[in-house]
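Residues per chain are reported as follows:
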Amino acid sequence: MTKTLEEKNRHLTEILQSMGRVLVAFSGGVDSTFLLARAKEALGENVLAVTAASETFPTREFNLAVSLAERIGVRHIQTRVSELTNADFVKNEPDRCFHCKSGLYSHVQELIDRYGETYTIVDGSNMDDLGEYRPGMKAARERGVRSPLQEAELYKEEIRMLSKEMGLPTWNKPSFACLSSRIPYGTKITQEKIDQLDLAETFLLNLGLYQVRVRHHDKIARIEVTPEDMPKVLEHHEKIDRALKSYGFSYVTLDLQGYRSGSMNEVLKEALRK
């Protein structure tokens with residue numbers, strides 16, 4: 001039997017309350033912000049948020065997470081992990097995200113142990129994530145991390161709707177993934193490439209584009225935006241070309257298929273079909 005959105009939201013409360021105390025792996029995105037706010041409603045002071053700065057997490061996103069946690073009114077641990085010291089992460093095989101999340105959740109568990117308190121670690125994975133290639137979810141399950149939004153059968157659009165009802169500013173926030181996801185599998189991740197991507201996407205966002213990805217193909221920058229924003233890219237094509245070339249790219253292209261989540265996984269799907 002299909003549940004209504006109200007029933008799913010009520011079930012989420014029950015799931016959170018059954019945990020007693022939760023630690024939210026908090027990125028400041030749509031899903032984790034909603035989860036943190038609902039956890040605060042359900043559990044009061046028995047909620048802790050942790051946000052980890054890293055080489056692949058832009059400073060603008062980290063600062064946003066800090067301000068959101070303060071707005072929601074929860075205890076917030078700000079920490080740091082170094083992904084580029086992890087050889088399995090740097091070599092960037094298709095299981096890259098597994099190694100990233102394994103390191104993150106191990107670090108979070110160490111933080112909990114220092115506090116001497118018992119928390120259930122939760123993340124913001126939702127039902128849409130089950131249909132995508134997400135090796136990071138395997139790492140979460142291996143470490144006992146739970147996904148209350150999935151357990152409540154909530155989808156992304158439903159989370160946006162409920163976030164809007166709650167007055168959360170993230171209800172219409174563009175989707176975001178770490179900058180390493182812009183680099184093709186099998187291509188080594190370096191600080192130089194991450195810095196190029198950060199500069200390029202920041203430049204494009206400052207032009208007023210809504211949903212942006214810059215994919216790193218060696219000397220080529222492949223820009224993905226929504227079809228609605230393509231005219232704006234063309235309007236500013238000269239300044240975009242100059243800026244991205246100044247960051248080290250030799251060629252700047254616009255992907256005519258437009259933005260889509262996980263486009264770097266398309267080559268994996270093609271390989272499986274062969």
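Residues numbered from 1 in each chain as written. Predicted model: local features only at pLDDT ≥ 70, side-chain atom pairs only at ≥ 80, totals over all residues. Heavy atoms only, no water.

- The name that an unreviewed UniProt entry assigns to the chain is Adenine nucleotide alpha hydrolase, with the source organism given as Aneurinibacillus danicus.

1. Topic: the UniProt feature "active site" (unreviewed entry) in the chain
Step number 1: Per the UniProt record, "active site" (unreviewed entry) is found at Cys178.
Step number 2: Counting through the fold element by element, Cys178 comes out in the loop between helix H8 (156-166) and helix H9 (191-206).
Step number 3: Using a relative accessible area of 26% as the deciding quantity, one classes Cys178 as partly exposed. (UniProt positions renumbered as here; feature names shortened; annotations may be inferred. Helix = DSSP H or I, 4+ residues; strand = E, 2+ residues; numbered from the N terminus. Buried < 20%, exposed > 50% of the residue type's maximum accessible area, 1.4 Å probe, protein only.)

2. Regarding unusual backbone geometry
Step number 1: If you check the backbone angles, Asn92 has positive phi at about 60° while not being a glycine.
Step number 2: Structurally, Asn92 is set in the loop between helix H4 (87-90) and helix H5 (96-115).
Step number 3: Since its relative accessible area comes to 0%, Asn92 is described here as buried.
Step number 4: Although it is not a glycine, Glu153 sits at a positive phi angle of roughly 65°.

3. Digging into the domain arrangement of the chain
Step number 1: In terms of domains, the chain is made up of domain 1 (5-166) and domain 2 (179-272).
Step number 2: If you average the C-alpha positions of domain 1 and of domain 2, the two centres end up 26 Å apart.
Step number 3: Both faces considered, domain 1 and domain 2 share a buried interface measuring about 1400 Å² in area, 52% of it formed by carbon and sulfur atoms.
Step number 4: Of all residues in domain 1, the largest losses of buried area upon contact with domain 2 belong to Arg60, Asn92 and Arg96, amounting jointly to 35% of the total for that side.
Step number 5: In this structure, Arg60 engages Asp198 in a salt bridge whose closest nitrogen and oxygen atoms are separated by 3.1 Å.
Step number 6: Linking domain 1 with domain 2 are eight residue pairs in polar contact (both at pLDDT 80 or more). (Domains from an automatic or database assignment. Buried area = accessible area lost by both parts, 1.4 Å probe. Salt bridge = Lys/Arg side-chain N within 4 Å of Asp/Glu carboxyl O. Polar contact = N/O pair within 3.5 Å; in protein donor to acceptor, adjacent residues only side chain to side chain.)

4. A look at the nonpolar core
Step number 1: If you look at the biggest cluster of nonpolar residues, it comprises 29 residues, and the most contacted ones within it are Val22, Val24, Phe26, Phe34, Leu36, Val47 and Leu154.
Step number 2: At the level of secondary structure, the elements contributing two or more residues to this core comprise helix H1 (5-19), strand E1 (22-25), helix H2 (30-43), strand E2 (47-53), helix H3 (59-72) and H8.
Step number 3: Ranked by residue count, the leading element in this core is H2, at eight residues.
Step number 4: Among residues more than four places away in sequence, those in contact with Phe26 are Ser32, Thr33, Leu36, Ala49, Val50, Thr51, Ala65, Leu68, Ala69 and His76.
Step number 5: Listed in part, the 23 residues of the second largest apolar core include Phe89, Cys100, Ile189 and Val233. (Core = buried A, V, L, I, M, F, W, Y, C linked by side-chain atoms within 4.5 Å. Contact = heavy atoms within 4.5 Å.)

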